[in-house]
Amino acid sequence: MTRLAVTMLVVAACAATSVHAEDASPYAAITIPLNIDQVPGKPVYFSTGNPGVPGKDNEGNTSNAGFVITSDGVLVFDALGTPSLGWAMLREIRKVTDKKVRYVIASHYHADHIYGLQSFKDHTDAIIVAQERAGEYRENQETADEKAGQRLDQRRGALFPWVDKDTRVVPPDITFRDRMTIALGDKRLTLLYAGPAHSSSDIMMLVEPDSVLFAGDIVQNGRIPHMNSDDVSTTQWLAALGEVEQLNPKFVIPGHGKASVQAKQAITFTRDYIQTVRSAMETAVQNWTDFDVAYEQADWSKYRDMPAFAANNRGNAYRIYLELEQSRFKADKQ
Ligand SMILES: [Zn+2]
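Residues numbered from 1 in each chain as written. Predicted model: local features only at pLDDT ≥ 70, side-chain atom pairs only at ≥ 80, totals over all residues.

Some thoughts on the overall build of the chain
Across its full length, the chain holds 9 helices and 12 strands. Based on the C-alpha atoms only, the size of the chain along its principal axes is roughly 90 × 45 × 35 Å. Relative to its 334 residues, the chain shows a buried fraction of 43%. Taking as baseline every contact in the chain between residues at least 6 positions apart, the subset at least 24 positions apart corresponds to 69%. (Helix = DSSP H or I, 4+ residues; strand = E, 2+ residues; numbered from the N terminus. Buried ≥ 20, exposed ≤ 12 C-beta atoms within 10 Å, placed from the backbone. Contact = placed C-beta atoms within 7 Å.)

Put into structure tokens, the structure is as follows:
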């Protein structure tokens, strides 16, 4: 064989492996495909996660995420709960368009929405955007919000092999405080700080002219939300829901649960739940009733059979009990 022929063979072999390598997941592959839908008539797509809590049965796919295709590239909202899921999302984007991924927006820094950022950081040139308090979420730093390092350790067990020793928290590239507008091609994307409500760094994103709202965990539909982080403020959360209502979007993609053309219905679900827990706990705080007693006495029948009730409801009630107790102490002092 001539040297040229050998070189050509080597080149051919390399080309073949690189094409193959691009398709194969660099992370443990998921076995349950993403559930992707398109907002009717709009270049906006979203993935709907399982309603339960992250575990091996759902491979960590419990949150929603989505992407907007503009005339000048793609913008992604949230990255799902494992690098493997982030990679699967990237594959879904590639099925629809070969345009560059320009931005990834993180609705807030909680494990189930951000471990997929690693895929976008390592395999695209996208800029990661979050609210400034997302910067507090570091593996080696204790914050009032979810304890990032502890959570990562827990997920390395609970979601192995999709979360493993190489999984890392990818910090945002740019942050903003109250509001940021991204003009990309034919779309205008408005990012609005809505926290601290469900977490310290909650944001929502309005896609115009399509009137589609990515609400992050401010809106959760048909599932008991997770409120057990030190930064939860249900007072601020209710205010943020009021803000969503004012924006009056045609289509809402919540952080968890079904997306809806009936935006009002999804908003109402979250608000009713928060108000139910608040009123049960408010009475308890006013009467100096012990939390355990108050929890047992409360009527949970409306929510008992919903996904994530067992995992989240008691912690939520306790969190709200503390929040109301604190505001009572403040009121008493004044
Ligand atoms: Zn969250």
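As for the sheet that holds strand S8 (residues 179-184)
Strand order across the open sheet formed by 5 strands is S8-S9-S10-S11-S12, with mixed pairing between neighbours. Two strands in the sheet have a free side with no partner beyond their single neighbour: S8 and strand S12 (251-256). Averaged over all pairs of adjacent strands, the angle between strand axes in this sheet comes to 20°, irrespective of strand direction. The sheet contacts of helix H7 (residues 263-286) involve strand S11 (212-220) and S12, and relative to S11 the element is tilted by about 15°. (Pairing = 2+ DSSP bridges. Axes fitted to C-alpha atoms, helices over the stretch in contact; angles between N-to-C directions.)

Let's talk about the sheet that holds strand S6 (residues 127-131)
Pairing in this open sheet of 7 strands is mixed, and the strands run S1-S2-S3-S4-S5-S6-S7 from one edge to the other. Because the sheet does not close on itself, it has two edges, and the strands there are strand S1 (36-38) and strand S7 (174-176). Neighbour-to-neighbour, the strand axes of the sheet open up by a mean angle of 20°, direction not taken into account. Relative to S6, strand S5 (residues 101-105) runs parallel, the two sharing 3 bridges. Looking at S6, one finds that Val104 is bridged to Ile128.

Observations concerning the pairing of S8
Counted residue by residue, S8 has 0 buried out of 6 residues, so it is predominantly exposed. In terms of strand pairing, S8 meets strand S9 (residues 187-193) through 6 bridges, oriented antiparallel. Note that in S9 the partner of Leu184 across the bridge is Lys187. Hairpin connection, S8 to S9: the antiparallel pair is bridged by 2 residues, and Gly185 has positive phi, about 55°.

So, the pairing of S9
Pairing of S9 with strand S10 (residues 203-208) involves 6 bridges; the strand directions are antiparallel. In the strand pairing of S10, Leu191 is matched with Met205.

What about the nonpolar core?
Judged by nonpolar contacts, the single largest core of 78 residues is most densely connected at Val76, Ala79, Val104, Ile105, Ala106, Met204 and Ile218. Here this core takes 10 residues from H7, the largest share from any one element. Setting aside residues no more than four positions away along its own chain, Ile105 makes contact with Leu75, Val76, Phe77, Val129, Leu191 and Met205. (Core = buried A, V, L, I, M, F, W, Y, C linked by C-beta atoms within 7 Å.)

Considering the packing of helix H6 (residues 234-247) against H7
How two helices sit against one another is set out by the angle between their axes and by the gap between those axes. Contact pair H6 / H7: the axes reach a minimum separation of 10 Å and the direction vectors enclose 155°. Considering the angle they form, H6 stands roughly antiparallel to H7. Here H6 and H7 pass one another in a crossing that is left-handed. Where H6 approaches H7, its residues Thr234, Trp237, Leu238, Leu241, Val244 and Glu245 are matched on the opposing element by Ile267, Thr270, Arg271, Ile274 and Arg278. Across the contact of H6 with H7, the residue classes tally to 6 nonpolar, 2 polar and 3 charged. (Parallel < 35°, antiparallel > 145°, perpendicular 65-115°, else oblique. Left-handed = near helix turned anticlockwise from the far one by under 90°. Nonpolar A, V, L, I, M, F, W, Y, C, P; charged D, E, K, R; others polar.)

Quick word on helix H9 (residues 309-333)
With 25 residues, H9 should reach 36 Å at 1.5 Å per residue; the first-to-last C-alpha distance of 35 Å fits that figure. For H9, the full list of buried residues reads Asn312, Asn313, Asn316, Ala317, Arg319, Ile320, Tyr321 and Leu324. For H9, the elements touching its buried residues are H6, H7 and helix H8 (291-297). (Expected span 1.5 Å × (residues − 1).)

Thoughts on unusual backbone geometry
With an omega of 5°, the peptide bond between Phe160 and Pro161 qualifies as cis. Tracing the backbone shows Pro161 in the loop between helix H5 (148-158) and S7. Following Gly195, the chain continues to Pro196 via a peptide bond in cis, the omega torsion being -5°. With a phi close to 55°, Glu59 is a non-glycine residue in the positive phi region. Within the secondary structure, Glu59 is located in the loop between strand S2 (44-47) and strand S3 (65-70). Residues other than glycine seldom take positive phi values, yet Asp78 does so here, at roughly 70°. Within the secondary structure layout, Asp78 lies in the loop between strand S4 (73-77) and helix H2 (83-96). A count of 31 C-beta atoms within 10 Å places Asp78 in the buried class.

Let's talk about the packing of H7 against H9
Here H7 crosses H9 at 50°, and the two axes come no closer than 9 Å. The angle between H7 and H9 places the two elements in the oblique class. H7 and H9 meet at a crossing whose hand is right-handed. Contacts between H7 and H9 involve Val277, Arg278, Met281, Glu282, Ala284 and Val285 on the former and, on the latter, Asn316, Ala317, Ile320, Tyr321, Leu324, Glu325 and Arg328.

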